[in-house]
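The primary structure of each chain is shown beneath.
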Amino acid sequence: MTTSNAARDIDTSRPHSARMYDYYLGGKDHFEVDKQAAETVAAAYPGIFTCALENRAFMHRATRVLAREHGIRQWLDIGTGIPTEPNLHQVAQSVVPEARVVYADNDPLVLKYAERLMRSTTQGRTTYVEADVNDPGTLLNSPALAEILDLDQPVALSLNALMHFVTDAQDPYGIVGRLLEVLPSGSALALSHCTPDFDPATWQKVTDIYTGAGTPVQFRAQKDVARFFDGLDLLSPGVTVGHRWRPDGPVEATDAEVSLWTGVGIKP
Ligand SMILES: C[S@@+](CC[C@H](N)C(=O)[O-])C[C@H]1O[C@@H](n2cnc3c(N)ncnc32)[C@H](O)[C@@H]1O
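Residues numbered from 1 in each chain as written. Predicted model: local features only at pLDDT ≥ 70, side-chain atom pairs only at ≥ 80, totals over all residues. Heavy atoms only, no water.

Caption draft 1: Main features of the nonpolar core. By size, the foremost hydrophobic cluster in this structure holds 56 residues, and its most contacted members are Tyr 24, Leu 76, Ile 78, Leu 157, Leu 159 and Leu 189. Ignoring sequence-local partners within four residues, the contact set of Leu 157 consists of Leu 76, Ile 78, Leu 179, Leu 180, Leu 183, Ala 188, Leu 189 and Ala 190. (Core = buried A, V, L, I, M, F, W, Y, C linked by side-chain atoms within 4.5 Å. Buried < 20%, exposed > 50% of the residue type's maximum accessible area, 1.4 Å probe, protein only. Contact = heavy atoms within 4.5 Å.)

Encoded structure:
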């Protein structure tokens, strides 16, 4: 495990997105300040719990499809979140025990629980890097990443429920482009992203709550989420509401409840 600033204290004076997300998923790794903010979001948008669960379910399906059908054996998962079983490496290693996964997040609480992300199979490898997606160069040059990932072989870049924390002013498309450009042909992008498309008024409230709590967000329309896949071969069914991306069973939630665009693309 590496950390850019291991001495940083956990900040309990304001809500953090990773800890609010943990609350939505029914986890226990959050503080009162996170619970209060998460409940404010839920009062405005009761679908948030479904959205969070469908987001995890998309990650499970996308990971399995990439391992089974596209020969992916390595993942770089940025914005990992507080560990929630099954974590990505557990899903991947259930298909390919030798799968290697590098996790990265910028929240010190995720770092605190990172040992849970390192319970790898003996054939596979995992590690955790404390890193900010806004500085892709530092992450890509990290010795821990180099130890686990062979960048001459395909890697799946997993950016789930992350890029809506990167506003247009922070150059989100440039960041994803820089991450993808170092990956070889056959690599993949799996991405999920919250959207205001189905209920703009509600999502304006959610935007205001996060921004007011010190976490700027930019929830994007389908066409703007699709831009992240420019230059990639988008797998069917394209950029789709999360629960409609290759569902395992009947689709029950509404699109407005889920409010999450998802997609998987392969680098030609
Ligand atoms: C909503 S959670 C998603 C967790 C996981 N990817 C999933 O889909 O289940 C968003 C995560 O992104 C992390 N995050 C937010 N901004 C980030 C940044 N600039 N760099 C790295 N991680 C970030 C948060 O700390 C949080 O853990």
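There is more to say, and it comes next.
Caption draft 2: View of the site of the ligand. Contacts to the ligand come from 19 residues, most closely from Tyr 21, Asn 55, Arg 56, Gly 79 and Asp 105. The contact in question runs from a nitrogen atom of the ligand to an N or O atom on the backbone of Gly 79, over 2.6 Å. Taking 600 Å² as the accessible area of the ligand by itself, protein coverage stands at 95%. For the shell around the ligand, the secondary-structure elements that each account for two or more residues are helix H1 (17-24) and helix H3 (48-69). Ranked by residue count, the leading element in the shell around the ligand is H1, at 3 residues. Class assignment for the residues of the shell around the ligand results in 7 nonpolar, 8 polar and 4 charged. (Near = heavy atom within 4 Å. Polar contact = N/O pair within 3.5 Å; in protein donor to acceptor, adjacent residues only side chain to side chain. Areas by Shrake-Rupley, 256 points an atom, 1.4 Å probe, with all protein chains shown as cover. Helix = DSSP H or I, 4+ residues; strand = E, 2+ residues; numbered from the N terminus. Nonpolar A, V, L, I, M, F, W, Y, C, P; charged D, E, K, R; others polar.)

Caption draft 3: Geometry of helix H9 (residues 200-212). Counted at 1.5 Å a residue, the expected span for H9 with its 13 residues is 18 Å, and the 18 Å between its end C-alpha atoms agrees. Of the positions making up H9, those classed as buried are Thr 202, Trp 203, Val 206, Thr 207 and Tyr 210. The buried residues of H9 occupy one face: seen down the axis, they fall within an arc of 145°. Facing away from the buried surface of H9 by more than 90 degrees, the exposed residues are Ala 201 and Gly 212. On the buried face of H9, the contacting elements are H1, helix H2 (32-44) and strand E5 (188-194). Where H9 terminates, the next one or two residues include Gly 214, which has phi positive at roughly 95°. (Expected span 1.5 Å × (residues − 1). Arc of directions from axis to C-beta.)

Caption draft 4: Region of the structure containing empty space enclosed by the protein. Across all of its chains, the model carries 1 cavity of 30 Å³ or more by this definition. Taken together, Met 59, Ala 62, Thr 63, Leu 66, Trp 75, Leu 88, Ser 158, Asn 160 and Ala 190 make up the lining of the largest cavity. For the lining of the largest cavity, the per-class residue count stands at 6 nonpolar, 3 polar and no charged. (1 Å grid on protein atoms, 1.4 Å probe; cavity = no way out; pocket = protein on both sides within 12 Å on 5 of 7 lines; lining within 4 Å. Points joined across faces, edges and corners; volume = space filled by probe spheres on them.)

Interpretation in functional terms is not warranted from these geometric data alone.
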